[in-house]
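Inside the fold
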Amino acid sequence: MPKRIGLVAAAVALPAALVLTSVGIGQAAEHTPSSAQAVKAEHRTAAAKNLDDPAKKEIAMKLVSSAENSSLDWRAQFKYIEDIDDGRGYTAGIIGFCSGTGDMLELVEYYTQVKPGNVLAKYLPALREVDGSDSHDGLDPNFTKDWKKAAEDKAFQDAQEHERDRVYFNPSVSQGKADGIGTLGQFIYYDAIVMHGPGDSKYSFGGIRKTAMSKARTPAQGGDEKTYLNAFLDARKKAMQSEEAHSDTSRVDTEQRKFLNEGNLGLEPPLKWKVYGDPFEINS
């Protein structure tokens, strides 16, 4: 049985442009990067591959799947769906879309735009009603069966990837580039926004980033990349420990921090790590 802890958005997904652009209210003026620093960070980041490079993105998907499904086969998760008793209703698909947090609703709305009359379209009224709760009202008894049926449809698989990229992957990579961090740092951002959701509350992605920036400067602000990423992971651990469903922090301790301690800022294979004690590796 996969060790599904749940990739869940803490709030209704926000447009990327509204989520990940601010340095943080109250940020000291001295943290504003000089033009020379910004150019230096841009050149350094451009010289290396970013997480949106196809090969790096594939690695990112496998890393997330290792933590969420005890498997590197992330494409096998299009059909995944269950209630993991975390207060967010059903968790499903490749990124843990949740019936209680809005992103599952947005996914089914998008799928229905692309393919009207699909097998999930009839659940849209119920998904709107249960948004913000753990209720299954209007979804049971056939929603899970119909989700798995929809997952056989290439259009629904494409819709899941589209929403994953729109809400989580693209914003985190863009913010990482703006902060001057490399491939590993961009993945650290991605994993955090997927679990904790976009926004600026204390334990959302924006809140975690703000806490990290109060402890260390980003490379774009002239700071050391490893120092900043350690500060971010420290803040991320506190966010995870604040919620029982995410209290196992091995995806930080024996995965992301391990790569950081090894100095693998480019997230270059071979990669070896453990999640919940289970060993994984990517050799190419």
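One structure accompanies this document, and this report is about it. Treat the numbers as computed from the prediction; the structure is a model and nothing was measured.

All right, on to the overall build of the protein then. Regarding its fold elements, the protein presents 11 helices and five strands. Entry remark: accessible area of the protein is about 12100 Å², with carbon and sulfur atoms responsible for 52%.

Time to look at the packing of aromatic side chains. Inspection of every chain in the model, using the stated rule, returns 13 aromatic pairs. Where Y189 meets F232, the ring centres are 5.0 Å apart and the plane angle is 40°; that geometry is what we call tilted. Of the two residues, Y189 sits in helix α8 (residues 183–196) while F232 sits in helix α10 (residues 225–241), which places them 43 residues apart along the sequence. Neither Y189 nor F232 differs from the other in exposure class; each is buried. Taken together, the aromatic side chains of Y90, Y111, Y123, F143, W147 and F156 make up a single cluster linked through ring pairs.

Moving on to the packing of α8 against α10. Relative to each other, α8 and α10 sit at 15°, their axes nearing to 11 Å. The orientation of α8 relative to α10 falls into the category roughly parallel. Regarding α8 and α10, the two cross each other, and that crossing is left-handed. From α8, G185, I188, Y189, D191, A192, M195 and H196 reach across to α10, where they touch Y228, L229, F232, L233, R236, A239 and M240.

If you look at the biggest cluster of nonpolar residues, it comprises 70 residues, and the most contacted ones within it are L120, F143, W147, Y190, Y228, F232 and L267. Take this core: its biggest share by element is nine residues, from α8. Sequence-distant contacts of F232, defined by excluding residues within four places in its chain, comprise I188, Y189, A192, F205, I208, R209 and A212.

Further remarks concern the environment of L127. When you line up the elements, L127 lands in helix α5 (residues 124–130). On the basis of relative accessibility, which here comes to 0%, the residue L127 falls in the buried class. C-alpha separation for the pair L127 and C98, spaced 29 residues apart in sequence, amounts to 9.8 Å.

With 14 residues, α8 ought to run about 20 Å at 1.5 Å a step, and its terminal C-alpha atoms sit 20 Å apart, in line with that. Of all 14 residues in α8, 14 are buried, a share of seventy percent or more. The positive-phi residue at the C-terminal boundary of α8 is G197, with phi of around 85°.

Glancing now at the packing of helix α3 (residues 54–69) against helix α11 (residues 250–261). Interhelical geometry of α3 versus α11 gives an angle of 165° and a closest axis separation of 11 Å. As the angle between them shows, α3 and α11 are arranged roughly antiparallel. The handedness of the crossing between α3 and α11 is right-handed. Where α3 approaches α11, its residues L63, S66, A67 and E68 are matched on the opposing element by R251, E255 and F259. Classifying every residue of the contact of α3 with α11 gives three nonpolar, one polar and three charged.

Alternating positions in strand β4 (residues 271–275) separate cleanly, L271, W273 and V275 being buried on one face and K272 and K274 remaining unburied on the opposite face. Relative to strand β5 (residues 278–282), β4 is paired through five bridges, and the arrangement is antiparallel. Each residue of the ladder has a partner; that of V275, found in β5, is D278. Counted between consecutive antiparallel strands, the loop separating β4 from β5 contains two residues, among which Y276 sits at a positive phi close to 55°.

The rules behind these values
- Residues take numbers from 1 onward in each chain, read along the sequence in its written order.
- In view of the model being predicted, local features appear only for residues whose pLDDT reaches at least 70, and side-chain atom pairs are presented and counted only at 80 or more, with totals across whole chains, interfaces and linings using the full set of residues.
- The basis for every side-chain value is the complete set of heavy atoms in the structure, and neither hydrogens nor water enter the calculation.
- A helix here means a DSSP run of H or I that spans at least four residues, while a strand means a run of E at least two residues long, and both kinds are numbered starting from the N terminus.
- The Shrake-Rupley method, run with a 1.4 Å probe, gives the accessible areas here. Residue values count only the displayed protein chains as cover.
- Aromatic contacts are taken between Phe, Tyr and Trp rings whose centres are within 6.5 Å, Trp giving its six-membered ring; a plane angle under 30 degrees counts as stacked, one over 60 as edge-to-face, and the others as tilted.
- Each residue's exposure class comes from its accessible area (1.4 Å probe, protein chains only) as a fraction of the maximum for that residue type: buried when under 20%, exposed when over 50%, partly exposed otherwise.
- A fitted line through C-alpha atoms represents every axis, and for helices the fit uses only the stretch in contact; the resulting angles, taken between N-to-C directions, go from 0 to 180 degrees.
- If an angle is under 35 degrees, it is roughly parallel; if it is over 145, roughly antiparallel; if it lies from 65 to 115, roughly perpendicular; otherwise it is oblique.
- Crossing handedness is defined as follows: a turn of the near helix away from the far one that is anticlockwise and smaller than a right angle gives a left-handed crossing, while the clockwise case is right-handed.
- The contact definition used throughout considers only heavy atoms, calling two residues in contact when any of these lie within 4.5 Å.
- Nonpolar cores are built from buried Ala, Val, Leu, Ile, Met, Phe, Trp, Tyr and Cys residues. Side-chain atoms within 4.5 Å join them into one set.
- Multiplying 1.5 Å by the helix residue count minus one yields the expected span of that helix.
- Think of it as three bins: nonpolar holds Ala, Val, Leu, Ile, Met, Phe, Trp, Tyr, Cys and Pro, charged holds Asp, Glu, Lys and Arg, and polar takes everything else, Gly as well.
- Strand pairing is defined by DSSP finding a minimum of two bridges between the two strands.

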